[in-house]
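Here is what each chain is made of, one letter per residue.
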Amino acid sequence: MRRGESARPGTGRKKQEQTERTRFAMKELELKYGCNPNQKPAKLLVREGELPLEVLNGKPGYINFMDALNSWQLVRELKKAAGLPAAASFKHVSPAGAALGLPLSDTLKKIYFVEGMELSPLSCAYARARGADRMSSFGDWIALSDECDAATARIIKREVSDGVIAPGYSAEALEILKSKKKGNYNVVRIDPDYQPAALEHKDVFGITFEQGRNGLEVTEALLENVVTANKTLTAAQKRDLMLALITLKYTQSNSVCYAKDGQAIGVGAGQQSRIHCTRLAGNKADIWHLRQHPKVLGLQFKEGIGRADRDNAIDVYISEDWEDVLGDGVWQNTFAVRPEPLTAAEKKSYLAGVKGVVLGSDAFFPFGDNIERAHRSGVEAIVEPGGSIRDDQVIETCDKYGIAMAFCGIRLFHH
């Protein structure tokens, strides 16, 4: 092109589109090993087309990619359903937390260790997802629905994490993430427009399973069949119930999810009994609330104690094993001032005031005992498929406490 001449119309756009296409030009990606070091060889591959992702930094492994692809689907669907940025914190192919990018209260900023930090909607989403169950999120895989910005990258850099997947990264965010883990932090970009095939396959013991992909779209329409005496579901409850259902869609079954204020606060995954799911997730939800107890907020830690050690100390302090961190000759290892124990009576009293929690289940509740346990954690609205021979008993238990319950009619098993 001679000096002074302009490029032909559309040339720049075509070049950009060509660059986007060549970014995802691989059909296979070799991995170090599979689930365990003895499982070799290992790789990612697609039967048709190209892999819809690229590794921008690090060397993710087999389980990393299992977490990455499951968590990406979750945040993509959550953003579509709620219209807000979304984030998830995954461990062993189930979410420890999932959340929307809603503003954080001063209390949440404190318990999520983000006081004084610049916060964007996306970074709020990740702070919430990470803060749902900080013990389980230690060493997590992160999924972000939107381009990772610097504010989100700064929070990620402070936490112990294996990697992140997002549709893009700002230049500043990418540099921050590349400096994590001595330059080995796993950063994956995924094509946000990628749509998988309608059929999916999985090999077990040399035998291939085939099924239609679970393309169920979670909308408010799934909440219309309210079967209890209380027929009222608020806009906030509907949002949180949809969040719970989308979270369950990508949680190893059996699974139950407690949610509140635009985030999961307790996920019970992979239990053989549904009541055990309800108890496990309920206990996690209770811990999330107890972390906001004035006594916990007032804990004075020794200078230099890291976030992971503080998380562990808080978890033990809240538990029945509080003497493990408050005993003579022990408390000095963690605290600057010896705290008073948080008694069972204080915990019971505090949790009795908890309200505004919702609950989702990936399959029907077979007995009313699940509702009894949910009520103790402040649950006021529930969504489950229905279809149990004891549905009447479950509905009766909800009516006993004024809980609104919708039958969505759809099971959400995930294996």
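Structurally, Glu 220 is set in the loop between strand S10 (207-212) and helix H8 (235-249). Given a relative accessible area of 42%, Glu 220 falls into the partly exposed group. With residues near it in sequence (within four places) discarded, Glu 220 still touches Lys 238 and Met 242.

Attention now moves to the pairing of S10. Pairing of strand S9 (residues 199-204) with S10, which is carried by six bridges, proceeds in the antiparallel orientation. Within S10, the residue paired with Val 204 across the bridge is Ile 207. Counted along the chain from S9 to the antiparallel partner S10, the turn is two residues long, and its residue Phe 205 has a positive phi close to 55°.

Turning to the side chain of His 289, a few remarks are in order. Among the secondary structure elements, His 289 is positioned in helix H9 (residues 274-290). His 289 sits in the buried class, given a relative accessible area of 5%. Aside from chain neighbours lying at most four places away, what touches His 289 is Lys 260, Ile 265, Tyr 350, Leu 351, Val 354 and Val 357.

Among the seven residues that make up strand S5 (residues 94-100), seven are buried, leaving the element largely enclosed by the rest of the structure. Here six bridges tie strand S4 (residues 86-91) to S5, and the two strands are oriented antiparallel to one another. In the sheet register, Ala 88 faces S5, and the bridge partner there is Ala 98.

The grouping of Val 204, Phe 205, Ile 207 and Phe 209 at the surface amounts to a nonpolar patch, some 490 Å² of accessible area in total. Relative to the helices and strands, Val 204 resides in strand S9.

Contact geometry for helix H6 (residues 150-158) and helix H7 (residues 171-178): axes closest at 8 Å, N-to-C directions at 10°. Comparing their axes, H7 and H6 come out roughly parallel. Packed against H6, whose contacting residues are Ala 150, Ala 153, Arg 154, Ile 156 and Lys 157, the element H7 presents Glu 172, Ala 173, Ile 176 and Leu 177 at the interface. By residue class, the composition of the contact of H6 with H7 is six nonpolar, no polar and three charged.

Let us now look at the nonpolar core. Leu 144, Val 164, Leu 177, Tyr 258 and Ile 382 are the most contacted members of the largest nonpolar core, which totals 65 residues. The greatest single-element share of this core, amounting to six residues, is contributed by helix H4 (residues 121-131). Beyond its immediate stretch of four places on either side in the chain, Ile 382 contacts Leu 241, Leu 359, Phe 365, Ile 371, Cys 398, Ile 403, Ala 404, Met 405 and Ala 406. By size, the runner-up hydrophobic cluster in this structure holds 48 residues, among which are Phe 90, Ile 165, Leu 233 and Ala 264.

Turning to the packing of aromatic side chains, a few remarks are in order. A full pass over the atoms with the stated rule returns one aromatic pair. For Lys 180, the ring lying beneath its charged end belongs to Tyr 185, and the centroid distance is 5.3 Å.

Definitions and limits used
Residues numbered from 1 in each chain as written. Predicted model: local features only at pLDDT ≥ 70, side-chain atom pairs only at ≥ 80, totals over all residues. Heavy atoms only, no water. Helix = DSSP H or I, 4+ residues; strand = E, 2+ residues; numbered from the N terminus. Buried < 20%, exposed > 50% of the residue type's maximum accessible area, 1.4 Å probe, protein only. Contact = heavy atoms within 4.5 Å. Pairing = 2+ DSSP bridges. Patch = residues over 30% accessible without salt bridge, like charges linked within 9 Å, V, L, I, M, F, W, Y side chains within 5 Å. Areas by Shrake-Rupley, 256 points an atom, 1.4 Å probe, with all protein chains shown as cover. Salt bridge = Lys/Arg side-chain N within 4 Å of Asp/Glu carboxyl O. Axes fitted to C-alpha atoms, helices over the stretch in contact; angles between N-to-C directions. Parallel < 35°, antiparallel > 145°, perpendicular 65-115°, else oblique. Nonpolar A, V, L, I, M, F, W, Y, C, P; charged D, E, K, R; others polar. Core = buried A, V, L, I, M, F, W, Y, C linked by side-chain atoms within 4.5 Å. Phe/Tyr/Trp six-rings, centres within 6.5 Å; stacked < 30°, edge-to-face > 60°. Lys NZ or Arg CZ within 6 Å of the ring centre and 35° of its normal.

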